[in-house]
Amino acid sequence: MSQYDSQFEENLYQLRREKLDQIAALARATNPSLSDYEARYPNCFAFTASVPELRALGENLSAEELESMHLEASVAGRIMAIRVQGKAGFAQIQQHGQRLQIYVRKDDVGEDLFNLYKLLDLGDHIGVRGYLMRTRTGELTLHAAPIVLPGHELSSGIKAPAMRAPAITFLSKAMLALPDKYHGLEDIEIRYRQRYADLFTNPEVREVFVKRAHILRSVRRYFDNHGYLEVETPMLHTIAGGATARTFTTHHNAEDMELTLRIAPELHLKRLVVGGLDRVYEINRNFRNEGIDRTHNPEFTMLEFYQAYANYHDLMALTQDLIINVAKEVNGTTLTHFNGNEIDLSKWTRLSMREAILKWWPEEAHVPTDGIFTDLNLAMPAVFSLYMYYNSPTQDEDDVLASQTPEERKETARKAAALWPAYKQAEPIYMQAQDDPAGTKEFARAALGKLIAGVFEALAEEHLIQPTIIYDFPLAVSPLSKIKPDEPDWVERFEFYIGGFELGNAFSELNDPDDQLRRFQSQLDDRKRGDIEAMAEVDYDYVRALGYGLPPTAGEGIGIDRLTMILTGSRTIRDVIIFPLMRPQRPSNEPNPNPEPDHTQGESAE
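Quantities reported herein were computed from a predicted structural model and do not represent experimental measurements.

As a further point, take the pattern of salt bridges. For the structure on display, the rule yields 28 salt bridges. Where lysine 173 meets aspartate 121, a salt bridge forms, and the shortest distance between an N and an O atom there is 2.6 Å. Taken together, the residues span a long stretch of sequence, with lysine 173 in the loop between strand 8 (168–172) and helix 7 (188–193) and aspartate 121 in the loop between helix 6 (111–118) and strand 4 (125–134) at a distance of 52 residues. In this pair, the class of lysine 173 matches that of aspartate 121, namely buried.

Structure, rendered in structure tokens:
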């Protein structure tokens, strides 16, 4: 594939190369000993200030004060606007996401440097020396002018003489034209592919990633201040564990062994708790071979932490405190705006999964009794009726659904589509249980747990806009969680939701090695029955680690990318990942049979 998008771009590249040659010729005219490389790219000089620093310095000073103080400075940056008017010109240079105007006059800089100025293009990098002033319109400006630099002592002890530093120094040529100054870089796919152009063209994009870095600093500071130790665990695993997900695989040539990229650091972190590191955390990269949509990217960043002598109730309180603290440090407030909603991160709601299902089960679909959470024979007919309510309403329900807007009807169809896989997955076990209740008892319990989790996702998740903790999950979807003492089919687990999607998952850790081995083996059974996300191999070393004694421990994972979405108001995960995964770009004359999906319109099917 060519480096140029068009013949026009190639021609422009060649035109700018000719300008670069002219700039080199100007440099050699003043110093014939320079090589071609040095003439084009001279050594950078020391700059006394950055653009933000100069703006802060002159912000509250009047034109008269600046004139009397004669503040000399030198700065470097990228040219984002430039014009020439006779023997003078103005330009805007950008650095650290901020811009500063410069004023260049031929009488001040000399004929050679003014000729250099006229050869500059948008995107070029230059250094400018001069003094701060204000124009007639009041804009803070650096007036380009030569500066006398004081002498300095060399390493030999000899004092170098003072020198007259040039007003303009050419640093680097932009061989490609910047995106249109009125429209910026708007094509969403090009922005993700060419993030380098996105960053200097769209200042708000830069601010998202500056804020992301601030979020990471704030998270680290919080856990460091609470006695946690930051650690690093392997990214290459011999056995994928710690989550249910499809893996990426690779081969290690020297050892001739198959490896998987990490789907979660959980089992390694809990090994460290066994070893006596009672509070550990890791900000880690995980890799899951899953679909791409508004909240999913195959490579993502997670915070995962574990605390000995704690349970999931302790982490509920810690989670709320963590999110509130990070929001205040990063945004200065607990209020944030996401997807058209104002969210107050200081106000939290707690609901059990069962309470959430019953709360958002539509009354018109006949709210069932609590029996659906304990008996598959009661749950299956109730869920089927719910599916039929969304998919093909009865005459009594026609009035309810007929009044819906097209968008609401689309949402109704989505719920039906979301319910159906959960129902169909449980249906074979349900049918077998009619003929052999005793023989299918364990399978029926597992099928019921997965059905309940599926119903929750279909009914409740979209409503969880304000910060909400959903606690107590079915055992069937929680292979690493501790069972509730009085409810053997439920575990001490919670997830927290903001903006309508999950940000974190936590539980009281299972620390019984025998129970853990049984659950790993159950995962193998699930995989044999077609669950491609279930574990493919038992991690016997982890079971052995538990044999040495894992203290009562609570652990949690929080999606850094999703948290950044909430705190920056970014609609898709690709807006907060600096280089999201993209299909390879094809030549412009070759059709793409698999175009990139539209990641701004809800979630894609996985």
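After that view of the structure, there is still more to cover.
In this section: the side chain of glutamate 282. The residue glutamate 282 is located in strand 13 (residues 279–287) in this model. Within polar-contact distance, the side chain of glutamate 282 engages the side chain of arginine 262 at 3.2 Å. Not counting the four nearest positions on each side in its chain, glutamate 282 is found in contact with Val231, Glu232, Thr233, Arg262, Pro265, Leu269, Met302, Leu303 and Glu304.

Moving on: the nonpolar core. With 44 residues, the main nonpolar core has Phe223, Leu303, Phe305, Leu345, Phe496 and Ile498 as its most contacted residues. Those elements that place two or more of their residues in this core are helix 9 (203–225), strand 13, strand 14 (299–308), helix 11 (312–331), strand 20 (487–498), strand 21 (501–508), strand 22 (553–559) and helix 19 (560–568). The element that contributes the greatest number of residues to this core is helix 11, accounting for ten residues. Beyond its immediate stretch of four places on either side in the chain, leucine 303 contacts Val219, Phe223, Tyr281, Glu282, Ile283, Leu322, Glu556, Gly557, Ile558 and Ile560. Judged by nonpolar contacts, the second largest core, of 41 residues, contains Tyr423, Leu451, Leu464 and Ile470.

Moving on, we come to the packing of helix 12 (residues 353–360) against helix 16 (residues 441–459). One can describe the packing of helix 12 onto helix 16 by two numbers: an axis separation of 9 Å at closest approach and a directional angle of 50 degrees. With respect to helix 16, the element helix 12 is oriented oblique. For the pair helix 12 and helix 16, the sense of crossing is left-handed. Of the residues in helix 16, those touching helix 12 at Met353, Ala356, Ile357 and Trp360 are Ile452, Ala453, Val455, Phe456 and Leu459.

Calculation criteria
- Residues numbered from 1 in each chain as written.
- Predicted model: local features only at pLDDT ≥ 70, side-chain atom pairs only at ≥ 80, totals over all residues.
- Heavy atoms only, no water.
- Salt bridge = Lys/Arg side-chain N within 4 Å of Asp/Glu carboxyl O.
- Helix = DSSP H or I, 4+ residues; strand = E, 2+ residues; numbered from the N terminus.
- Buried < 20%, exposed > 50% of the residue type's maximum accessible area, 1.4 Å probe, protein only.
- Polar contact = N/O pair within 3.5 Å; in protein donor to acceptor, adjacent residues only side chain to side chain.
- Contact = heavy atoms within 4.5 Å.
- Core = buried A, V, L, I, M, F, W, Y, C linked by side-chain atoms within 4.5 Å.
- Axes fitted to C-alpha atoms, helices over the stretch in contact; angles between N-to-C directions.
- Parallel < 35°, antiparallel > 145°, perpendicular 65-115°, else oblique.
- Left-handed = near helix turned anticlockwise from the far one by under 90°.

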